[in-house]
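Chains, contacts and geometry: an overview
Okay, here's what each chain looks like letter by letter:
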Amino acid sequence: MDQQYQPDLKARLEKSFEEADEAREQLTESMANAVATNCDLLHHGLVSAKGLEVTTEMYRHMLGKLLRNSSGEVRAQVLDTFNQSMEKFWPRKKADSAESSFRNE
């Protein structure tokens, strides 16, 4: 009877861990979405209250602080995210198109 109990217990524990992992992923995703939404609201509130120029200066200051953070991991994540954002909003021109536009000038 003890041998029959062990596999059943092991299966239940594995299922429990899987469910806990799934719940943690859903919570993490939910928290990330909530943070993103709050950041959007904060950004629009700052721009409305202080204007785009002051808000841009605040972001510049914050980015500078994050890039000078004593944690190398924080700096690396901020730089990686910054580079991804640059590529999204200001993608690099293709080398072929850059060369052809240079030749046409």
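Quick caveat, the model's predicted, so the values are computed rather than measured.

Analysis parameters
- Residues numbered from 1 in each chain as written.
- Predicted model: local features only at pLDDT ≥ 70, side-chain atom pairs only at ≥ 80, totals over all residues.
- Heavy atoms only, no water.
- 1 Å grid on protein atoms, 1.4 Å probe; cavity = no way out; pocket = protein on both sides within 12 Å on 5 of 7 lines; lining within 4 Å.
- Points joined across faces, edges and corners; volume = space filled by probe spheres on them.
- Helix = DSSP H or I, 4+ residues; strand = E, 2+ residues; numbered from the N terminus.
- Nonpolar A, V, L, I, M, F, W, Y, C, P; charged D, E, K, R; others polar.
- Salt bridge = Lys/Arg side-chain N within 4 Å of Asp/Glu carboxyl O.
- Buried < 20%, exposed > 50% of the residue type's maximum accessible area, 1.4 Å probe, protein only.
- Axes fitted to C-alpha atoms, helices over the stretch in contact; angles between N-to-C directions.
- Parallel < 35°, antiparallel > 145°, perpendicular 65-115°, else oblique.
- Contact = heavy atoms within 4.5 Å.
- Polar contact = N/O pair within 3.5 Å; in protein donor to acceptor, adjacent residues only side chain to side chain.
- Patch = residues over 30% accessible without salt bridge, like charges linked within 9 Å, V, L, I, M, F, W, Y side chains within 5 Å.
- Areas by Shrake-Rupley, 256 points an atom, 1.4 Å probe, with all protein chains shown as cover.

Its volume calculated, the largest pocket comes out at about 730 Å³. Around the largest pocket, the lining comprises 17 residues; the ones closest to its centre are Y59, L63, F82, S85 and W90. Among the elements of the structure, α2 (52-67) and α3 (72-89) are those that each provide at least two residues to the lining of the largest pocket. Examining the composition of the lining of the largest pocket, we find that 8 residues originate from one element, α3, more than from any other. For the lining of the largest pocket, the per-class residue count stands at 10 nonpolar, 5 polar and 2 charged.

Here we come to the pattern of salt bridges. Within this structure, the stated rule accounts for 5 salt bridges. Put simply, E19 and K15 hold a salt bridge, and the shortest N to O gap is 3.0 Å. In this pair, E19 and K15 both sit in helix α1 (residues 2-50), 4 residues apart, roughly one turn of the helix. Here E57 and R60 are joined by a salt bridge, their closest N and O atoms 3.1 Å apart. Highlighted residues: E57 and R60, both in helix α2, separated by 3 residues, approximately one helical turn. Classification of R60 by relative accessible area gives exposed; the value is 54%.

Look at α2 against α3: their axes get within 8 Å of each other, and the N-to-C directions meet at 135°. On the basis of the axis angle, α2 is oblique to α3. Contact residues: α2 offers L63, L66 and L67, while α3 offers V74, R75, V78, L79 and F82.

Let us now look at the side chain of T55. You can see T55 is positioned in helix α2. In this structure T55 comes out as buried when scored by relative accessible area, which is 2%. There is a polar contact of 2.8 Å between the side chain of T55 and the backbone oxygen of G51.

As a further point, take a nonpolar patch on the surface. Taken together, the side chains of L67, L79, F82, M86, F89 and W90 present a nonpolar region at the surface, about 610 Å² in accessible area. Within the fold, W90 resides in the loop between α3 and α4 (95-104).

For V47, the location among the structural elements is in helix α1. Owing to a relative accessible area of 26%, V47 belongs among the partly exposed residues under this scheme. Those residues in contact with V47 that sit more than four places away from it in its chain are L52 and T55.

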